[in-house]
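Given next are the chains, with one letter for each unit.
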2 protein chains.
Amino acid sequence: MSKGGAAIDWRESRRQAARVAILEAAWALVREEGLAALSLRDLARRAGITTPTVYAYFDSKHAIYDAMFGQAAEDFAAHMAVPYDTDDPREVLVAGVGRFVEFCAREFARYQLLFQRTIPGFEPSAESYAPAIRALAGARERLALNGITDPELLDMWTALSTGLVDQQISNDPGGDRWVRLIDDFVDMFVMYCRSPKRVLTRVKKSPSRTKGAPR
Amino acid sequence: MSKGGAAIDWRESRRQAARVAILEAAWALVREEGLAALSLRDLARRAGITTPTVYAYFDSKHAIYDAMFGQAAEDFAAHMAVPYDTDDPREVLVAGVGRFVEFCAREFARYQLLFQRTIPGFEPSAESYAPAIRALAGARERLALNGITDPELLDMWTALSTGLVDQQISNDPGGDRWVRLIDDFVDMFVMYCRSPKRVLTRVKKSPSRTKGAPR
DNA sequence: GTCTATATCCAGATAGAC
DNA sequence: GTCTATCTGGATATAGAC
């Protein structure tokens, strides 16, 4: 690597560090004030810089949201992807939902950004969005471990997981009213997948456009 | 009733009509621009009045959101409460979920206001919130029709319904990717409730605080 | 890259005349 | 009740000196 190259790398890493510092300030703010309440003025003050300086690192407020979305999606994919420490395929499903709700419940603003459409006019870029797709593929694999591959069952599974998370966060934040039902949910779902009635499956298809990260 | 009383009624009904007109303008705006994008300036222009006049009818912006919440909750309760035209208890469940997703999918902004926490600092008043509780009681009754009364099963049911609605709206707005799975969901749920495994129930309890309308 | 200073605009809310 | 006019403060974003 050339001296010039190294200098460029150094500068670039400095720049990246500054970006990360700004994003950390942003997370702290939305944690306290709510996702929609983020303002560049507060953000700059929090990060110990001035508003114009923020624009040296991000083109716009939406660009900041997009970078935050990218971080969140990355964290989400990583959180879901750490190896599942069991040989029981059913336990892998249970643990997967557990991690899902754990991740979402930990930071409400992050959950809003990632899974709800709360910022008018904001849509994540394809790059920021990519890790969320990986995470969905992971869910598909955990189901396949249980011999469940039907796309309709995958859709039912995502709805199940989403509903559980949503109810837990909305109606019992910090509690375990729905979390403790995870085992029952998995029982119910697996039982249904294996039921004779389910064997007589009809096939349908329909296109879909997507809002928010897949789950 | 006295002449004076009638005059007061008339004035009051005029006032109510004006309030409703403002709220209609508000709904039109949030439908087009998003719930969080509502501004009193645009609202006034849309309603054919000026900003200060809005304050003759509502104390603040939050009061407008609250009135909108009240309308939405009322509509929701009414929508869910119209008699179910079948004797089959299972079909009542199916129809109930169908109505739920239909109501939510019809207007995204209304769904956000009613079921998500997207406006920083806004919480509905107890009065506006009341109809939502009635709606939840309705769900409980539809389950009871099927011999399902366990509170934990009610929680599972609400999570199921919520998840289905959420996935449908977020990932296939205007489509039927999850709607067409309603029958399967009900099959799965009822089958689980009636399963022998479920008979050996353990009892637990935990308190809960609530955010958003119950569902 | 970082600042001061400022542009431009919009927000929610109020004063006071009619 | 409704208006004009205005207050106060916030927003995002940019110009230009250093």
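In short, a report on the structure. (Residues numbered from 1 in each chain as written. Chains lettered and ligands numbered in written order. Predicted model: local features only at pLDDT ≥ 70, side-chain atom pairs only at ≥ 80, totals over all residues. Heavy atoms only, no water.)

Considering the interface of chain B and chain A
Then, in step 1: Taken together, the 52 residues of chain B in the interface contact 52 residues of chain A.
Then, in step 2: The junction of chain B with chain A conceals about 4,500 Å² of combined surface from both sides, 51% of it contributed by carbon and sulfur atoms.
Then, in step 3: Here chain B and chain A share six salt bridges between them.
Then, in step 4: In this structure, Arg177(B) engages Asp155(A) in a salt bridge whose closest nitrogen and oxygen atoms are separated by 2.8 Å.
Then, in step 5: Where chain B touches chain A, the interface holds 15 residue pairs in polar contact (both at pLDDT 80 or more).
Then, in step 6: Elements represented by at least two residues in the side of chain B that touches chain A include exactly helix H6 (108–115), helix H8 (151–171), helix H9 (182–194) and helix H10 (196–199) of chain B.
Then, in step 7: The element contributing the most residues to the side of chain B that touches chain A is H8(B), with 14 residues. (Contact = heavy atoms within 4.5 Å. Buried area = accessible area lost by both parts, 1.4 Å probe. Salt bridge = Lys/Arg side-chain N within 4 Å of Asp/Glu carboxyl O. Polar contact = N/O pair within 3.5 Å; in protein donor to acceptor, adjacent residues only side chain to side chain. Helix = DSSP H or I, 4+ residues; strand = E, 2+ residues; numbered from the N terminus.)

Notes on the protein's contact with DNA strand D
Then, in step 1: Lining the immediate environment of DNA strand D, one finds 14 residues, of which Ser39(A), Tyr55(A), Arg15(B), Thr53(B) and Tyr57(B) sit closest.
Then, in step 2: In DNA strand D, atoms within 4 Å of the protein come from the sugar-phosphate backbone in 70% of cases.
Then, in step 3: Within the side chain of Tyr55(A), one N or O atom sits 2.7 Å away from a phosphate oxygen of DNA strand D.
Then, in step 4: Here Thr50(B) contributes a side-chain N or O atom positioned 3.0 Å from a phosphate oxygen of DNA strand D.
Then, in step 5: Elements that contribute at least two residues to the surface near DNA strand D include exactly helix H2 (40–47) of chain A together with helix H3 (51–54) of chain B.
Then, in step 6: Residue composition of the surface near DNA strand D, grouped by class: seven nonpolar, four polar and three charged. (Near = heavy atom within 4 Å. Nonpolar A, V, L, I, M, F, W, Y, C, P; charged D, E, K, R; others polar.)

Considerations on the protein's contact with DNA strand C
Then, in step 1: Near DNA strand C, the surroundings consist of 14 residues, among which Arg15(A), Thr53(A), Tyr57(A), Tyr55(B) and Lys61(B) are the closest.
Then, in step 2: The sugar and phosphate moieties of DNA strand C supply 72% of its atoms located within 4 Å of the protein.
Then, in step 3: One of the side-chain N or O atoms of Thr50(A) is found 3.1 Å from a phosphate oxygen in DNA strand C.
Then, in step 4: Between DNA strand C and the protein, one listed contact pairs a phosphate oxygen with a side-chain N or O atom of Ser39(B) at 2.9 Å.
Then, in step 5: Residue assignment for the surface near DNA strand C shows that the elements contributing at least two residues are helix H3 (51–54) of chain A together with helix H2 (40–47) of chain B.

What about the packing of aromatic side chains?
Then, in step 1: Per the stated rule, a full pass over the model turns up 20 aromatic pairs over all chains.
Then, in step 2: Their ring planes at 50° and their centres at 5.8 Å tell us that Phe76(B) and Phe100(B) sit as a pair that is tilted. Of this pair, Phe76(B) sits in helix H4 (residues 61–81) while Phe100(B) is found in helix H5 (residues 89–106), placing the two residues 24 residues apart along the sequence.
Then, in step 3: Looking at Phe76(B), the relative accessible area reads 5%, which means it is buried.
Then, in step 4: Since its relative accessible area comes to 6%, Phe100(B) is described here as buried.
Then, in step 5: Ring pairing ties together the aromatic residues Phe76(A), Phe100(A), Phe103(A), Phe108(A), Tyr111(A) and Phe115(A), which thus form one cluster. (Phe/Tyr/Trp six-rings, centres within 6.5 Å; stacked < 30°, edge-to-face > 60°. Buried < 20%, exposed > 50% of the residue type's maximum accessible area, 1.4 Å probe, protein only.)

Let's talk about the relation of the copies chain B and chain A
Then, in step 1: It takes a turn of 180° to lay chain B on chain A, together with a shift of 0.0 Å along the axis; the resulting RMSD is 0.1 Å. The relationship between the two copies is best expressed as a two-fold rotation axis. For chain B, the minimum C-alpha distance to the rotation axis belongs to Gly163(B) and amounts to 1.7 Å.
Then, in step 2: Comparing contact sets, 100% of the residues at the interface of chain B also lie at the interface in chain A, consistent with an isologous, same-surface contact. (Least-squares fit on C-alpha atoms with pLDDT ≥ 70 in both.)

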